[in-house]
Amino acid sequence: MKPVVGMVVSNKMQKSVVVAVDRLFHHKTYNRYVKRTSKFMAHDETNECNIGDRVRLDPSRPLSKRKNWVVAEILRKAKVYNPLSFTAPSTTVADGNTKTATIPAS
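So, how was this worked out
- Residues numbered from 1 in each chain as written.
- Predicted model: local features only at pLDDT ≥ 70, side-chain atom pairs only at ≥ 80, totals over all residues.
- Heavy atoms only, no water.
- Helix = DSSP H or I, 4+ residues; strand = E, 2+ residues; numbered from the N terminus.
- Buried < 20%, exposed > 50% of the residue type's maximum accessible area, 1.4 Å probe, protein only.
- Contact = heavy atoms within 4.5 Å.
- Areas by Shrake-Rupley, 256 points an atom, 1.4 Å probe, with all protein chains shown as cover.
- Phe/Tyr/Trp six-rings, centres within 6.5 Å; stacked < 30°, edge-to-face > 60°.
- Pairing = 2+ DSSP bridges.
- Axes fitted to C-alpha atoms, helices over the stretch in contact; angles between N-to-C directions.
- Core = buried A, V, L, I, M, F, W, Y, C linked by side-chain atoms within 4.5 Å.
- Polar contact = N/O pair within 3.5 Å; in protein donor to acceptor, adjacent residues only side chain to side chain.

Draft legend 1. Region of interest: the overall build of the protein chain. When you go through the protein chain residue by residue, the secondary structure sums to zero helices and seven strands. Among the 106 residues that make up the protein chain, the fraction classed as buried is 22%. In the protein chain, once contacts between residues fewer than 6 apart in sequence are set aside, the share between residues at least 24 apart is 44%. Surface summary for the protein chain: the accessible area is close to 8400 Å², and the carbon and sulfur share equals 53%.

So this is what it looks like as structure tokens:
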């Protein structure tokens, strides 16, 4: 088997991730390209993959019943929204004073 590139869709397990790999093939009857998705479980030793990361998987010996792949490298990290780092824009009130909205951290 050769290495594949896919997107992490689940990381709820310890040291394991589920990666969706897309592939295109030409359909002879319809003369169109068809996209199919396969989901593979992969071993993530350092537990650093998050949902949305683009990763490269290398084949390995069977590690469990469904796990035959290892995360070789993270090609692109996902952009994660952090609500605590959000600062509200300041607004100018009719009397000329500037107000900044504060967002309570919960």
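Draft legend 2. Representation of the packing of aromatic side chains in the model. For the structure shown, the criterion picks out one aromatic pair. Here Phe40 and Trp69 contribute two aromatic rings whose centre-to-centre distance is 5.2 Å and whose plane-to-plane angle is 45 degrees, an arrangement assigned as tilted. One end of the pair, Phe40, is in strand 3 (residues 32-43); the other, Trp69, is in strand 5 (residues 67-76), and 29 residues separate them in sequence.

Draft legend 3. Representation of the sheet that holds strand 1 (residues 4-13) in the model. With mixed pairing, the five strands of this closed barrel are ordered in space as 1-2-3-5-4. Averaged over neighbouring strand pairs, the angle between their axes works out to 50 degrees when direction is ignored. By the bridge criterion, 12 bridges tie strand 2 (residues 16-27) to strand 3 in an arrangement that is antiparallel. Bridging across to strand 3, Val21 finds its partner in Ser38.

Draft legend 4. Inspection of the nonpolar core at higher detail. Val4, Val8, Val17, Val19, Val21, Ala42, Cys49, Val55, Leu57, Trp69 and Val71 together form the largest nonpolar core, which totals 11 residues. Broken down by secondary-structure element, the contributors of at least two residues to this core are strand 1, strand 2, strand 4 (54-59) and strand 5. Discounting chain neighbours no more than four positions away, the residues touching Val55 are Val4, Val5, Gly6, Val8, Val19, Cys49, Val71, Glu73, Ile74 and Leu75.

Draft legend 5. Examining the side chain of His43 more closely. Inspection of the secondary structure puts His43 in strand 3. A polar atom in the side chain of His43 sits 3.2 Å from the backbone oxygen of Lys15. Once residues within four sequence positions are removed from consideration, His43 is found in contact with Lys15, Leu63, Lys67, Trp69, Val70 and Val71.

Draft legend 6. Quick peek at the pairing of strand 4. As paired strands, strand 1 and strand 4 are joined by four bridges and run antiparallel to one another. Opposite Gly6, over in strand 4, you have Val55 as the bridge partner. Relative to strand 5, strand 4 runs antiparallel, the two sharing six bridges. If you follow Asp58 over to strand 5, its bridge partner there is Val70.

Draft legend 7. Examining the side chain of Ser10 more closely. The residue Ser10 is located in strand 1 in this model. For Ser10, the residues in contact, after removing those within four places along its chain, are Val17, Val18 and Ile51.

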